[in-house]
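The primary structure of each chain is shown beneath.
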Amino acid sequence: MKYTEGGVTAAKGFRAYGIHAGVKAGREKEDLALIACDLPCNAAGLFTRNRVKASPVLLDIETLRNGQAQAIIANSGIANACAPNGMKHAEEMQTIAAEALGISNDLVLVSSTGVIGQELFTECMKEHIGDLTAKLTDTPEGSDLAEKAIMTTDTVKKEFAVEFEISGKPVRLGGIAKGSGMIHPNMGTMLAYLTTDCAISVPMLKKALKAACDVSFNRISVDGDTSTNDSLIILASGLAENEMIAAEGEDYDQFLAALTDLCVNLARAMAKDGEGAKHLITCTVRNAESEEKAEVLAKSVIRSPLTKAAIFGCDANCGRVMCALGYAGENFDPDRTDIRFVSKAGSIEVVKDGLGLVFDEDLAERILSEDEVLIDVDLKEGGSEVTCWGCDLTYDYVKINGDYRT
């Protein structure tokens, strides 16, 4: 497996683009994206577990019941959640894209992201959809502009593509994602679109997407808020012409490995780009009795406000980590727990068998000054290991969200 360029246009059959349509007054960036395939695809999706679901999410859940899709239209600026006439406008978006592409409505998926509670008007989309479809391209530029069109408070793009072989056939898999705030593991915690030319059945595509999501997007947290619009969608064109993956086996394992690696990279990019963040925080809990326990403990550390604040201040405060482990609700022995802080600048042990150590504060500060910091927790009770990702809590997070709506 190797990484390549192209994002959602890397796989055969896919084109994409993004334009400025004027979805939200006062915004000049690209805000309307379209991803389309030359033929109907096998498709699968995962969506927010928030009880309050945006209209596009509800529409996509229904649309995906047949396991087929050919296009995704998405806007930024207005979330179309808790909004007047929400389903009407989501269905209008679906119709706008379907008519422009000459396909049926039930092959179009819809996403929105942005401010919650405001009505989304689609007149600007009707006005600009012709220009958008005319510019659809299978070049990396198309994926890049589609990515920019779904970004809100994101500061960097999240776009990757991989190439690998299945039964001797070259296969490509690419993705774009947006997510910076209102990020908390409970499905996919963002908007993310994945495309592949692998021939894979709908049941196996669903199985692979769930498995990859569980160890990537479901293991990140920025602020503990699960969005109303979270959507993770994958389309498979089958144009790689590999033998159809219809059951578990070596071919499925190869596809799952590539999908998981891609999703982990997208998830890490979102955690690192948390609103106002200066540090990517990785927490690995090792030698736990079970993977489930390790995951609960690691998530507790990455979402702890006090731990996040300590990392922002480059303060090797081991008490914040021990405290977060302790209230996670899992049974472990604190008196056997070791903790280390690790980065490119080195490694330093701060807790041994549950007791704080005297350590070199200058070295600790240098380690925590790097933009990526690992909190390594060793429970010394079993053989399971889990890694989760988060970010620090900075002054800028409050500034960004204090006037997000305005």
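Residues numbered from 1 in each chain as written. Predicted model: local features only at pLDDT ≥ 70, side-chain atom pairs only at ≥ 80, totals over all residues. Heavy atoms only, no water.

What to know about the pairing of strand β10 (residues 280-288)
Point 1. Of all nine residues in β10, seven are buried, a share of seventy percent or more.
Point 2. Bridge count between β10 and strand β14 (residues 372-378): seven bridges; the pairing is parallel. From the neighbouring strand, Ile-281 faces β14, where its bridge partner is Val-373.
Point 3. Here β10 pairs with strand β15 (residues 384-391) via seven bridges, running antiparallel. Paired with Ile-281 across the bridge in β15 is Gly-390. (Buried < 20%, exposed > 50% of the residue type's maximum accessible area, 1.4 Å probe, protein only. Helix = DSSP H or I, 4+ residues; strand = E, 2+ residues; numbered from the N terminus. Pairing = 2+ DSSP bridges.)

Quick word on the sheet that holds β14
Point 1. Overall, mixed pairing links the six strands, which are arranged β13-β12-β11-β14-β10-β15 in an open sheet. Every other strand in the sheet has two partners, leaving β13 (355-356) and β15 as the edge strands with one partner each.
Point 2. The strands touched by helix α9 (residues 318-326) within the sheet are β11 (338-343), β12 (346-352), β13 and β14, with β11 carrying the most contacts at an inclination of about 125°.
Point 3. In the packing of helix α10 (residues 361-368) onto the sheet, contacts are made with β11, β12 and β14, and the angle to β12 comes to roughly 120°. (Contact = heavy atoms within 4.5 Å. Axes fitted to C-alpha atoms, helices over the stretch in contact; angles between N-to-C directions.)

Some words on the nonpolar core
As a rule of thumb, nonpolar side chains are buried together in soluble globular proteins.
Point 1. Leu-194, Phe-217, Leu-232, Ile-234, Phe-255 and Leu-259 are the most contacted members of the largest nonpolar core, which has 40 residues in total.
Point 2. Contributing elements (two or more residues each) for this core: β3 (32-47), β6 (158-166), β7 (169-178), β8 (191-196), α5 (202-214), β9 (231-236) and α6 (250-272).
Point 3. When residues in this core are grouped by element, the largest group, twelve residues, is from α6.
Point 4. Counting residues in hydrophobic clusters, the runner-up holds 34 residues, among them Ala-294, Ala-328, Phe-359 and Val-377. (Core = buried A, V, L, I, M, F, W, Y, C linked by side-chain atoms within 4.5 Å.)

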